Each structure stands twice: as structure tokens, then as C-alpha cells.
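So you can see what is in the structure, the chains are spelled out below.
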Amino acid sequence: MNVVFAVKQYVSKMIEDSGPGMKVLLMDKETTGIVSMVYTQSEILQKEVYLFERIDSQNREIMKHLKAICFLRPTKENVDYMIQELRRPKYSIYFIYFSNVISKSDVKSLAEADEQEVVAEVQEFYGDYIAVNPHLFSLNILGCCQGRNWDPAQLSRTTQGLTALLLSLKKCPMIRYQLSSEAAKRLAECVKQVITKEYELFEFRRTEVPPLLLILDRCDDAITPLLNQWTYQAMVHELLGINNNRIDLSRVPGISKDLREVVLSAENDEFYANNMYLNFAEIGSNIKNLMEDFQKKKPKEQQKLESIADMKAFVENYPQFKKMSGTVSKHVTVVGELSRLVSERNLLEVSEVEQELACQNDHSSALQNVKRLLQNPKVTEFDAARLVMLYALHYERHSSNSLPGLMMDLRNKGVSEKYRKLVSAVVEYGGKRVRGSDLFSPKDAVAITKQFLKGLKGVENVYTQHQPFLHETLDHLIKGKLKENLYPYLGPSTLRDRPQDIIVFVIGGATYEEALTVYNLNRTTPGVRIVLGGTTVHNTKSFLEEVLASGLHSRSKESSQATSRSASRR
């Protein structure tokens, strides 16, 4: 179950099926992103594709010597563009591939428009999602719900993306969903409807244990997307932002022109592939080793590399080194910028307190530490608000809850109203009233013992002690212990055996920390294959945008006014 491989195969097959000769690849806005995640332009050039065009671009030239491979989402808009294209064809012959199920009436409209008989074939290739890592996919949808319910357009897109994923992996799964979430149930029903309607497409060879699709809701764990990260991929997304494998470095002080935007893709960057799940400290030393290996070939200019600054200077002084190793200059720049942000924003200290808020239950110590950091001028308003959000979520119903005092501290620190309002919005989004699970206190004897032992022996790394709630959910699922009263099956049948192929989908977005959890479970659990997907892949910034987009904050304001009114009446 490798989503990158699945999409890659589709693209290869499209190009192969069109035969030898020069070709143009005609795509829409979304399929351009889908293809760019699995192939570089130079790799596709080697397959005789010499031109990349958007179907919606108005001024394309007529080039009758080119064959056209069209890879499009089956939207009304794209079908209309295709009809116009076929009435006045710009290329010699057309191979049309839709990324999802296309209706018979749309195919008929295309056939009627093809008066010059330039269409060689029309097919469905189900690459209708963004393949991020081999076990992680996204639909790049931000703001999928209004309140607690789906935005109808996003429900339809998510259903399409999820059913395409199942078709591309050749899985016809049983479905379980999070009972506490209305949105999860609704999506489960929509996916089931498509499977029932398109039953011929889903007739795959039966496996002994049927695959399982588990649909979860971000509301159940609002803690994970609020934490600073310390593994490479997650940290880059948290501090710099990854958008379809691209990182915008234009704001980095003194950045050279060719590094303003860099691509980090494990498919064609060996260093990134080997380091994306490692801790920040290890990456620093791995870059150092990489550069020292190169220095060994240059014994004359032996230099000591002690700090990130030394490394940067070293790279800048070696243009030929830059040429030989664009990879190294890219990673030195990225790690250098991460390192600068960590010290500028005091993130080691901030992260230690975040981890305490997420993993431990000592209220007075947590409160003291948050108050101390709110006084620290190096802590940005963003990080200050994030600490108060974590406090508000964890100690929401604690008898000594001091949230009003912390809100005053935020105001005194000069934190903007936008961030202060978000504190109550986050609690409204993922607070105790909403969660179907208990995020903070261990539930059974085993978990309590584990926590006790952990407390005795201390933590190996204070910055990475947090485990996403997804870890526990999947652990229970793999062992056959996931409670059916909390995660029911859709329909009458249930799974008797432990699941082997598991697809987890998070409405409201997954995170790179959860992707790391899945990566580790895949590595350490023989016979189990897990793929994780989400409406998007969040960092803290995008998660807060998701919370804002849900519109719950405006309601939380009204409800808090109502409660204060009723309190004064009493």
C-alpha cells in the first residue's frame, strides 16, 4: 500500500499508452499538483513529454505535431473546457484520462464534440489525491466543515478523493467511523454509497481479511496540531510550511536567488529520504558528516565545521561544491533557517512546556511555566497564544483553572485580539464536550502503569515525549481492542480477524507527527500496512485557520456571553 507508487504508475501508464512521439501533458490546477508530487519535470521530459499546459490557459498555440495526454478532474468546468478543445483541436490526437468516475452523459458530450475524430481514448485513472509520503495522502482542502457539519462541496470532493484512493490501492474495505462525530458518519455513508453504486469497479480479488477504512475527526485530538515538532519533515512544515513539497525561503535573511523556493521530495532527494523522520540534533550532525566527506576529498582547505554558520560559510565559498551538491546547499539553508528560528523564538523552552501541557498532569507546575514564558519577550504572540490554548484544552475543567488570568497575561503582552479569540475557539472546536475520547488521563490499568514507569525512569527526550492520540487508536485497532461502541462499523458485518490493511482518514486534517506514528507502526508491526490521509496536512497555523473556517468561534463568543449573563442573573 504505497500511494506515491500508485499515482506514479498511473502517470507512467498514461504516457506509455500514448506510444512514441512528442507529447504535451494537458492538466488542470489540481492534477498539476497531483503529478508534480510524484514526478519531476526532468523525469517526464525523458518520456518524450516536452510541454506542460493548463487546460484553462487561453493562449495555447496550435501544435499539430504533438500528441495530447489530458489528465483532468471530472468536473463540469473541465468537461466544458475539453468540449471547446475538441471542437477546435490544437494537437494531432488526444488521450483523455479523468482522475475519477466520469458520468456517461459527460462522455457522450465529449463524443459529440469530437467531430474531427481526434480522441484516441477516454479512461478513468484514479489518481485523485495528493500523495505526500508513501503512507500519507492529502486532499489539500482547508476548512472542510461549517460548524460540526460538512460543507457540501467539500464532502463531495472528499468522497471522491477517498474512493479514488481505494480504487488506486485496489481495496474494497469495511468501514468504521468515530461515533462522536456526525461528519465522520456522513463521510462513511457517502463512501459506502459510491462503493455500492460502482460495485463493478470495486470487485477486487478477495483477501482473507478484508481491508478496513477508519474515519476519524480532528476535533478528537486538537492537541497534536498545536505542538512544535522536532523531526525534520514535521519541523520544516511547522516553521517554514510545506506546500506540495515546496518550501518558500524568500523571507530568509540574505537568501540567494536560486534558493528562494526549494523542493523537498523523498522520491528524488536521498538525504531528505534518509533524514525526514530523524530528530533535529541528528540532522545537524548528518549534514556535518556529509560535508566532512566532501572535505576529505579536498585535504588542502581543511576547515573545522563547528556551527551552522561555519557550514553556511563553507558552502558559499565553494561554487563548485554548490554545483556538485545542490542538495547539501539546500539542506544547509533549511536547517540553518530552522536553527535561527528556534533560537530567535526560544522554541526549546516553549516546546518543553508544550510537552508538559500535553503529557503530564501537574497543574500548578504547568501554570507556573506558562506564566513564566508569557513574561519572556522572546516568546512570540503566536507561541504565547499556543501555550494558552494547550493549557485551556488540558485544564478546561480543573478546579483551579486559571484561564482568565492567562488571558489577561496575553492581553498585557500585547497579543492581538485575533489570537486571543482563538483560545476559546480552539476549546469550542476540540474541548471536553466535543471529544469522544479522553485525551489526557490514562484509562486502564496498563496505561496507568506505563505512565507511572515513564515517570520513574524519566523521558529520553523531553521534546518528543508526546504521542498523538492516533497511536493509541491504531494500537487498539491492530490488537482487535478498538471499542465498537465508540468506533462502530457501518452496516451489519464486522471484522472477526485483526485487520491487516488499514486506511485511516482524518476529517479536518492529519499532521506529520501522526504520519511519523504510522511510519513507525508500519515498520514495527509485521503483517500490518497502514495508510494515513486527511482533508489536508496541518501545521499549527493551518490548523488555526481550520478552526476559524469552521465558524465555531463566533458561536463560542455568543455562548460565553450567554453564560456570563445567566451567571449574573443568579
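Conventions we followed
- Residues numbered from 1 in each chain as written.
- Predicted model: local features only at pLDDT ≥ 70, side-chain atom pairs only at ≥ 80, totals over all residues.
- Heavy atoms only, no water.
- Axes fitted to C-alpha atoms, helices over the stretch in contact; angles between N-to-C directions.
- Helix = DSSP H or I, 4+ residues; strand = E, 2+ residues; numbered from the N terminus.
- Parallel < 35°, antiparallel > 145°, perpendicular 65-115°, else oblique.
- Left-handed = near helix turned anticlockwise from the far one by under 90°.
- Contact = heavy atoms within 4.5 Å.
- Nonpolar A, V, L, I, M, F, W, Y, C, P; charged D, E, K, R; others polar.
- Expected span 1.5 Å × (residues − 1).
- Bend = angle between axes of the 7 residues up to and from the residue.
- Buried < 20%, exposed > 50% of the residue type's maximum accessible area, 1.4 Å probe, protein only.
- Pairing = 2+ DSSP bridges.
- Phe/Tyr/Trp six-rings, centres within 6.5 Å; stacked < 30°, edge-to-face > 60°.
- pLDDT = per-residue confidence, 0-100.
- Salt bridge = Lys/Arg side-chain N within 4 Å of Asp/Glu carboxyl O.

Before going further, it helps to spend a moment on the packing of helix 14 (residues 347-359) against helix 15 (residues 363-374). Contact geometry for helix 14 and helix 15: axes closest at 10 Å, N-to-C directions at 155°. In terms of orientation, helix 14 and helix 15 fall into the roughly antiparallel class. Two packed elements cross with a definite hand, and for helix 14 against helix 15 that hand is left-handed. Counted together, Glu349, Val350, Val353, Glu356 and Leu357 of helix 14 and Ser365, Ala366, Asn369, Val370, Arg372 and Leu373 of helix 15 form the full contact between these two elements. Here the contact of helix 14 with helix 15 is built from residues that sort into six nonpolar, two polar and three charged.

Moving on, we come to helix 18 (residues 417-430). Its 14 residues place the ends of helix 18 20 Å apart at the C-alpha level, agreeing with the 20 Å of an ideal helix rising 1.5 Å per residue. A maximum bend of about 25° is found in helix 18 at Val423. Where burial is concerned, most of helix 18 is hidden: ten out of the 14 residues are buried.

Further remarks concern the sheet that holds strand 4 (residues 93-98). Taken in spatial order, the five strands line up as 2-1-3-4-5 in an open sheet, and their pairing is parallel. With one partner strand each, in any of the chains shown, strand 2 (49-54) and strand 5 (119-124) form the two edges of the open sheet. Averaged over all neighbouring strand pairs, the angle between strand axes comes to 15°, with direction disregarded. Bridge count for strand 4 against strand 5 is five bridges, and the pairing is parallel. Bridging across to strand 5, Phe95 finds its partner in Glu121.

What follows covers the packing of aromatic side chains. Counted by the stated rule, this structure contains twelve aromatic pairs. Taking the centre distance of 5.6 Å and the plane angle of 50° together, the rings of Trp230 and Tyr463 count as tilted. One end of the pair, Trp230, is in the loop between strand 11 (212-217) and helix 8 (232-239); the other, Tyr463, is in the loop between helix 19 (445-457) and helix 20 (469-478), and 233 residues separate them in sequence. Summarising the aromatic geometry, the rings of Phe382 and Tyr419 are spaced 5.9 Å apart at their centres and angled 70° between planes, so their arrangement reads as edge-to-face.

Let us look at the confidence of the model for the protein chain. Taken residue by residue, the protein chain gives an average pLDDT of 85. The fraction at 70 or more is 88%. Across residues 452-459 the pLDDT falls below 50, and counting only partners more than four positions away or on other chains, this stretch makes two contacts in the model. A low-confidence stretch, residues 555-570 stays under pLDDT 50, and its non-local contacts, those more than four residues away or across chains, total six contacts.

Bringing the pattern of salt bridges into the picture now. Under the criterion given, the structure shown has 30 salt bridges. Asp409 is the partner of Lys371 in a salt bridge, and the nearest nitrogen-oxygen pair spans 2.9 Å. Here the residue Lys371 occupies a position in helix 15, and Asp409 occupies one in helix 17 (residues 403-413), the gap between them amounting to 38 residues. Note on Lys371: relative accessible area 31%, which makes it partly exposed. Taking relative accessible area as the criterion, Asp409 reaches 15% and is therefore assigned buried. The residue Lys479 makes a salt bridge to Asp475 at a minimum N-O spacing of 3.1 Å. A single salt-bridge network, built from bridges that share partners, covers Glu238, Arg345, Glu354, Asp383 and Arg386.

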